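Each chain is listed here by its residues.
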Amino acid sequence: MMRLAEKLTVQTFIKGFQTLKKEGVSAFYTKLKARLRPAVDYHKWLKENGPSREELIRQQDATWETMPLFSVLVPLYHTPDRFLRDMIESVISQTYHNWELCLSDGSGKDSGLEKIIKEYQQKNPNIHFISSDKPLPIPENTNQAMGLSSGDYLVFMDHDDLLTENALYEMASAIKREQPDLLYSDEDKLDWKTGKFFMPHFKPDFNIDLLRSVNYICHLCVIKKELAEKIGGFLPQMNGAQDYDYILRAAEKTEKIVHIPKILYHWRCHRDSTSENPESKRYAFEAGKRAITEHYQRLGIPASVENGVSLGIYRTIYHWEEEPLVSVLIPNKDHIEDLEKCLASLFASSYQNFEVVIIENNSEKESTFAYYKELEKKDSRVQVVIWKEKGGFHYSAINNFGASFARGEYLLLLNNDIELIGRDCIKELLGYAMRKDVGAVGARLYFGDNTIQHAGVVIGFGGIAGHAFVNQKKEELGYFARAMCQQDYSAVTAACMMTRTKDFLSVGGLSMDLSVAFNDIDYCMKLRERGKLIVYNPYAEAYHYESKSRGAEDTPEKKLRFHKEILIFGEKWKKTLEDGDPYYNPNLTLDRADFSLKTKKEWKRPKGYYIDLVRKEVERETHR
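From a predicted model like this one, the values you see are computed outputs, not experimental measurements.

Peer 1: Quick one: what's the story with the overall build of the chain, residue by residue and with numbers?
Peer 2: Within the chain one finds 23 helices and 23 strands. Against the globule reference of 25 Å for 624 residues, the chain gives a C-alpha radius of gyration of 27 Å, in line with a compact fold. Across its three principal axes, the chain shows a C-alpha extent of roughly 90 × 55 × 50 Å. By residue count, 54% of the 624 residues in the chain fall in the buried class. Excluding contacts between residues fewer than 6 apart, the proportion of contacts in the chain whose partners are at least 24 apart in sequence is 77%. Split by element, the accessible area of the chain, about 28,700 Å² in all, is 52% carbon and sulfur.

Peer 1: For helix H23 (residues 609-622), give the residues involved together with the corresponding values.
Peer 2: At 3.6 residues per turn, the α-helix brings residues three or four places apart onto the same side. Counted at 1.5 Å a residue, the expected span for H23 with its 14 residues is 20 Å, and the 20 Å between its end C-alpha atoms agrees. What H23 keeps buried is the set Ile611, Val614, Val618 and Glu621. In an axial view of H23, the angular spread of the buried residues amounts to 85 degrees, which keeps them on one side of the axis. Buried residues belonging to H23 abut helix H20 (556-572).

Peer 1: Explain the environment of Glu389 residue by residue, including any values.
Peer 2: Along the chain, the position of Glu389 falls in the loop between strand E14 (382-387) and helix H16 (395-403). Given a relative accessible area of 47%, Glu389 falls into the partly exposed group. A sequence separation of 28 residues divides Glu389 from Asn361, and the C-alpha atoms of the two residues are 8.5 Å apart.

Peer 1: Describe in detail the pairing of strand E4 (residues 153-156), supporting the description with residues and values.
Peer 2: Taken residue by residue, a regular strand's side chains alternate between the two faces of the sheet. Burial along E4 is two-sided: the face carrying Tyr153 and Val155 and the face carrying Leu154 and Phe156 are both buried. Across four bridges, the pairing between strand E1 (residues 70-76) and E4 is parallel. Counterpart to Val72 in the pairing with E4 is Val155.

Peer 1: Residue-level account of the pattern of salt bridges, with values.
Peer 2: For the structure shown, the criterion picks out 28 salt bridges. When the shortest N-O distance is used, the salt bridge between Glu565 and Arg561 registers 3.2 Å. With Glu565 and Arg561 both in helix H20 and four residues apart, the pair spans about one turn of that helix. The pair Glu565 / Arg561 is uniform in exposure class, with both members buried.

Peer 1: Residue-level account of the confidence of the model for the chain, with values.
Peer 2: For the chain, the mean per-residue pLDDT works out to 90, and 90% of the residues sit at or above 70. For residues 1-30, every residue scores under 50 in pLDDT, and the model assigns this stretch 26 contacts once sequence neighbours within four places are set aside.

Peer 1: Lay out helix H9 (residues 167-178) with the relevant residues and their values.
Peer 2: Compared with an ideal rise of 1.5 Å per residue, which puts twelve residues at 16 Å, H9 spans 17 Å between its outermost C-alpha atoms and is within 8% of the ideal. Of all twelve residues that make up H9, nine are buried, and the element is covered over most of its length. Along H9, the residues that are buried comprise Ala167, Leu168, Tyr169, Glu170, Met171, Ala172, Ser173, Ala174 and Ile175. A positive backbone phi angle near 50 degrees is found at Gln179, which sits one or two residues after H9.

Peer 1: An account of the packing of aromatic side chains is requested, with residue identities and associated values reported.
Peer 2: In this structure the tally under the stated criterion is 31 aromatic pairs. Considering the side-chain rings of Tyr244 and Tyr314, the 6.1 Å spacing of their centres and the 45 degrees angle between planes classify their relative orientation as tilted. Separated by 70 residues along the polypeptide, Tyr244 in helix H12 (residues 242-253) and Tyr314 in strand E11 (residues 314-318) bring together distant segments of the chain. Pair check on accessibility: Tyr244 and Tyr314 agree, each one buried. Summarising the aromatic geometry, the rings of Phe461 and Phe595 are spaced 6.2 Å apart at their centres and angled 80 degrees between planes, so their arrangement reads as edge-to-face. A residue pair is termed long-range when its members are at least 10 positions apart, and Phe461 in the loop between strand E19 (457-459) and strand E20 (465-467) and Phe595 in the loop between helix H21 (574-579) and helix H22 (600-603) qualify at 134 residues. Accessibility classification places Phe461 together with Phe595 in one group, the buried group. The ring of Trp267 carries Lys189 above its face, with NZ or CZ at 5.2 Å from the centroid. The lysine or arginine in question, Lys341, covers the ring of Tyr545, its NZ or CZ lying 4.9 Å from the ring centre.

Peer 1: Before we move on, could you go through the pairing of strand E6 (residues 182-191) and cite the residues and values that matter?
Peer 2: The buried fraction of E6 amounts to nine of the ten residues, a majority that puts the element mostly inside the structure. Here E6 runs beside strand E9 (residues 257-269); their pairing, made up of nine bridges, is parallel. Bridging from a neighbouring strand, Leu182 pairs with Ile257 of E9. Judged from the three bridges that link them, E6 and strand E7 (residues 197-201) form a sheet pairing that is antiparallel. Bridging from a neighbouring strand, Glu187 pairs with His201 of E7. Between E6 and the antiparallel strand that follows it, E7, lie five residues; Gly195 among them carries a positive phi value of about 75 degrees.

Peer 1: If you had to explain the packing of H20 against H23 to someone new, which residues and values would you point to?
Peer 2: Where H20 meets H23, the axes come as close as 9 Å, and the angle between the chain directions of the two elements is 140 degrees. Our classification of the angle between H20 and H23 gives oblique. Helix-helix and strand crossings are classified by hand; for H20 and H23 the assignment is left-handed. On H23, the residues touching Lys559, Leu560, His563, Lys564, Ile566, Leu567 and Gly570 of H20 are Tyr610, Ile611, Val614, Arg615, Glu617, Val618, Glu621 and Thr622. Class assignment for the residues of the contact of H20 with H23 results in seven nonpolar, three polar and five charged.

Peer 1: A description of the packing of helix H6 (residues 81-92) against helix H7 (residues 113-121) should follow, citing residues and the corresponding values.
Peer 2: Taken N-terminus to C-terminus, the directions of H6 and H7 make an angle of 25 degrees; their axes are 11 Å apart at the nearest point. Between H6 and H7, the angle is such that the two are roughly parallel. Like other packed secondary-structure pairs, H6 and H7 cross with a definite hand, here right-handed. Contacts between H6 and H7 involve Asp81, Leu84, Arg85, Ile88, Glu89 and Ile92 from the former and Leu113, Ile116, Ile117, Glu119 and Tyr120 from the latter. Of the residues assigned to the contact of H6 with H7, the class counts are seven nonpolar, no polar and four charged.

Peer 1: Lay out the side chain of Arg435 with the relevant residues and their values.
Peer 2: The topology assignment puts Arg435 in the loop between helix H17 (425-433) and strand E17 (438-446). Ignoring anything within four residues of it in the chain, the contact list for Arg435 reads Asp209, Arg212, Tyr318, Trp320, Arg500 and Leu533.

Peer 1: A description of the environment of Ala491 should follow, citing residues and the corresponding values.
Peer 2: Among the structural elements, Ala491 can be located in the loop between strand E21 (487-489) and strand E22 (496-500). When its relative accessible area of 0% is taken as the criterion, Ala491 is described as buried. Excluding residues that lie within four positions of it along the chain, Ala491 makes contacts with Gly456, Val457, Ile521, Cys524 and Ile534.

Conventions used here
- Residues numbered from 1 in each chain as written.
- Predicted model: local features only at pLDDT ≥ 70, side-chain atom pairs only at ≥ 80, totals over all residues.
- Heavy atoms only, no water.
- Helix = DSSP H or I, 4+ residues; strand = E, 2+ residues; numbered from the N terminus.
- Rg over C-alpha atoms; globule rule 2.2 N^0.38 Å.
- Buried < 20%, exposed > 50% of the residue type's maximum accessible area, 1.4 Å probe, protein only.
- Contact = heavy atoms within 4.5 Å.
- Areas by Shrake-Rupley, 256 points an atom, 1.4 Å probe, with all protein chains shown as cover.
- Expected span 1.5 Å × (residues − 1).
- Arc of directions from axis to C-beta.
- Pairing = 2+ DSSP bridges.
- Salt bridge = Lys/Arg side-chain N within 4 Å of Asp/Glu carboxyl O.
- pLDDT = per-residue confidence, 0-100.
- Phe/Tyr/Trp six-rings, centres within 6.5 Å; stacked < 30°, edge-to-face > 60°.
- Lys NZ or Arg CZ within 6 Å of the ring centre and 35° of its normal.
- Axes fitted to C-alpha atoms, helices over the stretch in contact; angles between N-to-C directions.
- Parallel < 35°, antiparallel > 145°, perpendicular 65-115°, else oblique.
- Left-handed = near helix turned anticlockwise from the far one by under 90°.
- Nonpolar A, V, L, I, M, F, W, Y, C, P; charged D, E, K, R; others polar.

So this is what it looks like as structure tokens:
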């Protein structure tokens, strides 16, 4: 285990002292304990959370009225004997019995694989085989295997990988429940030398914008034969990213996509594999870029695709012809230095078709009002409106009031302690906001010390909702690079959030029941109820010098208000809290924001555990 001195850096002590000062001993101890929590051992986790031997036996005996036939398609190419046998035996060992294995050998003449396959065919007539006299690239080789299939669903598998014993059973169960056209599961990697499993990838439910950033679906992928016939086979020109292109084409034709949050596939890795040595197959990543570009072209979306922060990660840039008016809403109470910094970054933007509505909220200094007058004189796009209501800070009411003065087609909700980074932040937000299927877009925000303050919101973090990857270094990519992937989330923070004015008004703006906390998350959830996507774009960047105007939640009154708002949010979105955030994964922890594995202790907690604790706390605070 890492020594204490190695885990507790100077920065940790500084942040710990700030927590102790602002939030008290209890909060300090909780955060310190989380910081020192050892990482969960994946091998141990796999044994504890995989199916038991009793469960596997039960699966073998299960019979259903309708049992779909799975055609497992495997393109072979000079496959090492041991890997070939391991792959075949992982299919033969399935607890679900209605399958066929379709093998296509694209090695060319005298490959030597046929002898091994015939050996297995003698005992398993549901193994089919075809070979080619000349070497075949993966797309053509897979299409040849597809030609052997007669199943209801096609299962795509690489020639040296393994299925878990329950893989096809879990797929069949999901088909029985939901009748999907496309299914995918979680996966991990298998070290080709040691045979150890590592690097589990626990994925979100279907996430179209994450898919346009990276082929996160990958393995295990299963597609209904009827859908496969509509989209055709693998395209030779997409060699290296043929599966990525195929999934994108499938996703264009159906919305019936199901994710099974279980490890059902072991992906064998070796030195020359793309995953372990990306430079070895750079052409594959160029093919990936073409696949996404052509996907946008088919949909009529004006977008270009660039390489992202690393090979295999892509970035979308939109090229809309229109330049709509954006109304920037900035609540403000004194703190002119912060506001000035915010406005300076705003006026330096490459996108200039905006107006600024400053919502004055009970400022006390005369210099503040003098500054407002100077601003309005200097730039006709600036308007200061006076919020006169009393009764304390009410973020929802203030922004709803400001929105009533907005003339723009889009609103940019912006805290006065935000400083935009670079000149393209508004462009990056607007690019996604102008898509008809998008309801709100959020930015990647940093604290002043260049650690992450916001990279999307996960429902359930900390028991209610919280920011992804908070306090990680700016340079860190996060879990499977998700901190730097354009993607859909359940919510984003309104500290820097763009939304269509029409959508804002149609759902009644920010909830008046939530004066300070969770009103932005609630707003995003209301949009999602109407079928809108909430997008996080890491290329829209800003500093957030968090809550300077309002101060910390450090009084009994503020703490009681905060806890009551937790209960309001928790009751309203109870189902999502209990079912789990679809853009997260139930195998990952809710106690931390780093997407690490859920502990045994967490698995044992009853539904509504955190809300019940808060409810008891509110009762205590109310009767003091």
